[in-house]
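Residue strings, one per chain:
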Amino acid sequence: MVDLYCRKKEGNKSLCPRCTALLEYANKRLDACKFGENKPSCRKCPIHCYKPDMREQMREVMRWVGPRMMVYSPLEAIAHLINESK
């Protein structure tokens, strides 16, 4: 999702330093998550592990990418919707 945002919204051919930092931060937080494979979506998670500035950056990405997921990655969008409904 971060890659899509960076390419389409920001117009970059590859990840810019800001988006690279956000993606690395998100992966680091996921690796350290105590819920592991059973991690709920961030919106439903009882533990908010992102720093406020990174959380806001990720919200910005998700708000922009969310409505476009059905166009660019329909299978991932459907899987996400199914996981959200659990």
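For the structure itself, look to the data block above.
What you see is a predicted model, and the numbers here were worked out from it, not measured in a lab.

This part is about helix α2 (residues 17-31). In this model, α2 (15 residues) spans 21 Å end to end at C-alpha, consistent with the 21 Å of a helix rising 1.5 Å per residue. Residues of α2 that are buried: C19, L22, Y25 and A26. Across the axial projection of α2, the buried residues extend over an arc of 125 degrees, all falling on one side. Exposed positions of α2 whose direction lies more than 90 degrees from the buried face are P17, E24, K28 and D31.

Let us now look at the packing of aromatic side chains. The description of an aromatic ring pair uses the distance of the two centres, along with the angle that the planes make with each other. Scanning the model with the defined rule gives two aromatic pairs in all. The interplanar angle of 80 degrees and the centroid separation of 5.9 Å between the aromatic rings of Y5 and W64 together place this pair among those described as edge-to-face. Here Y5 is found in helix α1 (residues 2-9), whereas its partner W64 is found in helix α3 (residues 52-65), with 59 residues between them in sequence. The class of Y5 is buried, set by a relative accessible area of 3%. Assessed through its relative accessible area of 15%, W64 is described here as buried. For the pair Y25 and Y50, a centre-to-centre distance of 5.3 Å together with 85 degrees between the ring planes defines the contact as edge-to-face. Of the two residues, Y25 sits in helix α2 while Y50 sits in the loop between α2 and α3, which places them 25 residues apart along the sequence. A cation over a ring is seen here: K34 above F35, with NZ or CZ 5.6 Å from the ring centre. The residue whose ring lies beneath R68 is W64, and the NZ or CZ to ring-centre distance is 4.0 Å.

It is worth spelling out the pattern of salt bridges at this point. Evaluated as defined, the whole model comprises five salt bridges. The partner of D3 in a salt bridge is R7, with the nearest N and O atoms 3.0 Å apart. Taken as a pair, D3 and R7 lie in helix α1 at a separation of four residues, close to a single helical turn. Judged by its relative accessible area of 35%, R7 falls in the partly exposed class. In this structure, E56 engages R59 in a salt bridge whose closest nitrogen and oxygen atoms are separated by 3.2 Å. Remark: R59 and E56 occur in helix α3; sequence separation between them is three residues, near one turn of the helix. The class for R59 is partly exposed, based on a relative accessible area of 38%.

A separate point is the environment of M69. Along the chain, the position of M69 falls in helix α4 (residues 69-72). Taking the C-alpha atoms as reference, M69 lies 9.8 Å from H80; in sequence the two are 11 residues apart. When neighbours within four sequence positions are excluded, M69 is seen to be in contact with M1, P74, E76 and A77.

About the criteria used
- Residues numbered from 1 in each chain as written.
- Predicted model: local features only at pLDDT ≥ 70, side-chain atom pairs only at ≥ 80, totals over all residues.
- Heavy atoms only, no water.
- Helix = DSSP H or I, 4+ residues; strand = E, 2+ residues; numbered from the N terminus.
- Expected span 1.5 Å × (residues − 1).
- Buried < 20%, exposed > 50% of the residue type's maximum accessible area, 1.4 Å probe, protein only.
- Arc of directions from axis to C-beta.
- Phe/Tyr/Trp six-rings, centres within 6.5 Å; stacked < 30°, edge-to-face > 60°.
- Lys NZ or Arg CZ within 6 Å of the ring centre and 35° of its normal.
- Salt bridge = Lys/Arg side-chain N within 4 Å of Asp/Glu carboxyl O.
- Contact = heavy atoms within 4.5 Å.

Take it as geometry only, folks, not as evidence of what the structure does.
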